[in-house]
Structures are given as C-alpha cells and as structure tokens.
Amino acid sequence: MDSLTIKGIREGLKGRRFSAKELSDFYFKKIEKEDSELGCYLELAKETALNQADKIDNLISEGLDIPSLAGVPVAVKDNILVEGLKSTASSFMLKNYISPYDASCVKRIKEEGAVVLGKTNLDEFAMGSSTENSAFKTTKNPKDKSRVPGGSSGGSAAAVSAGLCCCALGSDTGGSIRQPASFCGVFGLKPTYGAVSRYGLIAFASSLDQIGPLAKNAEDAKILFNAIKGKDKKDSTSIEMEENGEIDFKKLKIGIPKEYFGSEAKKGIEREVVSAIESAIKKIEDMGGRVEEISLPNTKYALSVYYMVSTCEASCNLARYDGIKYGLSEKGENLSEVYFNTRAKGFGAEVKRRIMLGTFALSSGYYDAYYLKSQKVRTGIKEDFEKSFKKVDAIFTPVSPTVAFKIGEKTQDPLSMYLSDIFTISANLAGIPALSVPLKTKGLPVGLQILGNYFEESKLFQIAKLLE
Ligand code: GLN
C-alpha cells in the first residue's frame, strides 16, 4: 500500500479494494513502526485523519463522486498551519503553539478529500539545508541513514521517500523543497512566485517563500500542485494561472547554463551528479530534443544576493516573536528584558545568525550598500532568465553539487552549508518555477533541476514525465 500513487489510491477506493480508513490505519501503523528511527514526523493527527477518512468512505458507500485527493494520506511541513495541530517551525519559540486556523493550501487539500497524517520536521524556521537545525530532532535519509535528508523540508521529503505518506507539502525559500527531494530521490516543485497562496505559512523571507508538493512521481506532484494553486483573497501576491498547452517534443529546446554545468563549473560538482545529469541530457537529445549552451552571467552573485535579501526579510518577519504575541515568553524585570530573554532562549544559533546579519544589513547607513544593491542585482538575475526563455523552453541544471552528505558533516561550517544552495536559489530570486526530478543512479539519489518560465509548471511536468 505504501507504494500507491494518488491515481492508485483513487482506483483502489473506487474499486473497493480497501477503504480510506484502512489506508490511513496502514500508514499510521507504518509510521509507528519506522519513524522512531527516521524522525520524519513531529506530531501525528490520528483522530482528525480517521474522521476525514470516514467521510470519504461514506461518499464511496453512497456511490457519490469523490474529489481529486480523496483518501490520499498527506504529510505537512511544520511551518504550515493545520488547525488544531501544533505548528512549531521546529523552534523552541513555538514549541507549544497551536494553529488557530488552516493555511489556505491545507484548507484546499482538505476540501479535495486529503487525509492529513501529521506535521513533519524541518530546519528551524526553514533556515538550513539538512534538517539538522531543528530544535527537536534530526531526520535521517531513508536511502542511507547515516546521511541527512537535505533541508529544510527534510521531514516531508524523507516521509515520501520512506513511504510514510503518499505525498507531502513543503516550503521553498532557496531550495528547501528541491534539495531534500533530490537527496531523498523524490519529486519536488518550487512553484512560480504567486502560484500558491502563502496564507498560513510561517514566514521566513516573504518575497522568496513558496509552498509546493513533494511526491513519488511527476503526476502526483502535478495533482497536488493543481489542488493548492490559484488566487486566494488572503494573499494579495497570489494569482490565478492557466494551463499551458501540450509541448511538441520534436521542437523542444533545452538550455544548459555554462555557469552551472559548463566544463569549468563541472569541476566543482561530484562525479556521480555530473554523470547522472549528462545521461538525462543525452536522453532528451535521443528523443529528438535540441540542447544548447546558454549563459546566465549574474549567477555568480546569486548566493550573496540570496543571503542578503533572505536575512533582511527574516530579521523583519521574526521580529514578531517577542514573548508577547506568540509562543515562548520568558520573565524579565522590564519589557526589554522580556524581549531579550525570550529571544535568547527561543531561537537557535542559525536563526540568531541570520537575524543579526539581516538587522545589520538593514541598519541606517548600510541599507543602500547592502539591501538596495542586492535588490538591483536580483533584477539582473531575473533578466538573465527572461532573456534565456526567449531562446529555450526549459533549463536543466543539477539540484545540488553533491549527493546527500553525512549527518554532522557541515554543521560546524555554515558557509559550506550555504554553498549547497548554489543551484537552487536563483529560481527563488527570479520567481520562476523549478522542479526537482530524481534520476536513475547506481548509488545515492541525484536530482535534475528543470527551470521554466513564469507559470509554465505544466511544461515542467511534461518534460519530467518524458524522463521518468
Ligand atoms: N537552504 C536555504 C537556506 O538555508 C534554503 C532554505 C529554504 O528554502 N527555506 O536558507
């Protein structure tokens, strides 16, 4: 049952081979057995899940139509609000915070009949690339338990990979859906900025954050994405999008940016990653597609721009955790002491590092030199992509320069951790969609990143299907 796709579940339910309740029970039993070792989940939602499953079973027994995600067991990253469950964002600051409402994407999947199994582990406030920054536990990579699952949506990616849910929701500010998808061998989409409502997502960097699906195959990722996308009155940056037409594979043109995968760039990428990506490129050529080298000259600034913009926005977004409004509240002699004591105790080292960086860069006298300048370079990065998509349909790059690294390998060296985002952050800065597709390898999983033009997610899914 744990290998069933959304389509498989639908057929099984309709054909009465199993009930939604049996399916949920199966998953909870599997989680109880296996998750103490893997550490994907922070909290389970047995009661509400079984209620939802009952509703679906009633629809079926009455012979009524069932919605697109009927009975599908979904895991939700713990920085996305699910009413009545805790949303900790893996921080001590929100250790006991209970969500008063559903995030818009959660509301939508529930309306489509999904069964929310529980909340998954992440790096604290989604800051990190390994899920080791969680205040509560370290998630292990199901493909090799001595390695990280990637991050920050490591719990969601590992849960899909281990069959502890059918599919999952994650969030991606600089690669947090795609990189864990790549490390765990599953599909992950960072949608176009504005495609999915951010209402009910605990904000990290609001101009970069997007919620997206993690799934076992391209079709499931597409179905889950279709359920959550679209205009939402509660997020003014969200918009309605149209389906793209079928692509003509004979005319397909793929760009390979030399800054990511030219002969010089390949020297910094692990061998197994290079060979897996090269095979994917060859497959496209064998099917009659054209592949050409392109240039995205502003790539060299992307990492610096990202760590400037994201920390500035994070320092503002995290100002709300002051001991008064939400979560942890420490005692103090006066109001500032309450603030200081709460923030000193509630936030972990990585979150503090980013708040300090962002606060410094936004301080008077430095704003123009750091934040404003970064925003200008960000426009250059966006224009690089806009120019390229006049010439090619999609762009291929690796998701990460390495396969999953060992637990503990990078925790003492934040800069080397930041460098693992080198290929994923540009898509967030530009706002374009990007899909991580697992490739066949002999060893650990390798992800291919397919980048597309604004709102061309369905093109990305079609190309991914071709490679499956
Ligand atoms: N790893 C990146 C960071 O640490 C991306 C995080 C994310 O996408 N949420 O900021």
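Residues numbered from 1 in each chain as written. Predicted model: local features only at pLDDT ≥ 70, side-chain atom pairs only at ≥ 80, totals over all residues. Heavy atoms only, no water.

**Focus on the nonpolar core**
By size, the foremost hydrophobic cluster in this structure holds 135 residues, and its most contacted members are Ile 109, Phe 125, Leu 169, Phe 385, Phe 396 and Ile 450. With sequence-adjacent residues up to four places away left out, Ile 109 is seen in contact with Leu 69, Val 74, Ala 114, Val 116, Leu 169, Leu 224, Ala 227 and Ile 228. (Core = buried A, V, L, I, M, F, W, Y, C linked by side-chain atoms within 4.5 Å. Buried < 20%, exposed > 50% of the residue type's maximum accessible area, 1.4 Å probe, protein only. Contact = heavy atoms within 4.5 Å.)

**Notes on the pairing of strand S9 (residues 394-398)**
For S9, the tally of buried residues reaches five of five residues, placing the bulk of the element in the interior. Side chains of S9 alternate between two faces, with Ala 394, Phe 396 and Pro 398 and Ile 395 and Thr 397 buried alike. Of the strand pairs in this sheet, strand S7 (residues 253-257) and S9 are connected by two bridges, and their pairing is parallel. Bridge pairing links Ile 254 to Ala 394 in S9. One ladder, built from five bridges, connects S9 with strand S11 (residues 446-452); its direction is antiparallel. Directly across from Phe 396, in S11, lies its bridge partner Ile 450. (Helix = DSSP H or I, 4+ residues; strand = E, 2+ residues; numbered from the N terminus. Pairing = 2+ DSSP bridges.)

**Let's talk about the site of the ligand**
Neighbouring residues of the ligand: 15 residues in total, closest Thr 173, Gly 174, Ser 176, Tyr 306 and Arg 354. Within the side chain of Arg 354, one N or O atom sits 2.7 Å away from an oxygen atom of the ligand. (Near = heavy atom within 4 Å. Polar contact = N/O pair within 3.5 Å; in protein donor to acceptor, adjacent residues only side chain to side chain.)

**Observations regarding the pattern of salt bridges**
Taken as a whole, this structure holds 21 salt bridges when the rule is applied. Taking the shortest distance from any N to any O, the salt bridge between Lys 107 and Glu 111 comes out at 3.6 Å. Of this pair, Lys 107 and Glu 111 are both found in helix H4 (residues 104-111), four residues apart, which corresponds to roughly one turn of the helix. For the salt bridge of Asp 393 with Lys 459, the shortest nitrogen-to-oxygen distance reads 3.6 Å. Of the two residues, Asp 393 is situated in the loop between helix H14 (367-391) and S9 and Lys 459 in helix H17 (residues 457-467); the sequence distance between them amounts to 66 residues. For Lys 459, a relative accessible area of 15% puts it in the buried group. (Salt bridge = Lys/Arg side-chain N within 4 Å of Asp/Glu carboxyl O.)

**Remarks on the UniProt feature "domain: Amidase" (unreviewed entry) in the protein chain**
As recorded in UniProt, the feature "domain: Amidase" (unreviewed entry) lies at residues 26-460. The span residues 26-460 is 39% helix and 14% strand, and its two end C-alpha atoms sit 33 Å from each other. (UniProt positions renumbered as here; feature names shortened; annotations may be inferred.)

**Some thoughts on the sheet that holds S7**
Strand order in the open sheet made by the 11 strands is S1-S3-S2-S4-S6-S5-S10-S11-S9-S7-S8, with mixed pairing throughout. Lying at the two open borders of the sheet, with one neighbouring strand each, are strand S1 (41-44) and strand S8 (290-294). Averaged over neighbouring strand pairs, the angle between their axes works out to 30° when direction is ignored. With five bridges connecting them, S7 and S8 associate as parallel partners. Note that in S8 the partner of Ile 254 across the bridge is Val 291. (Axes fitted to C-alpha atoms, helices over the stretch in contact; angles between N-to-C directions.)

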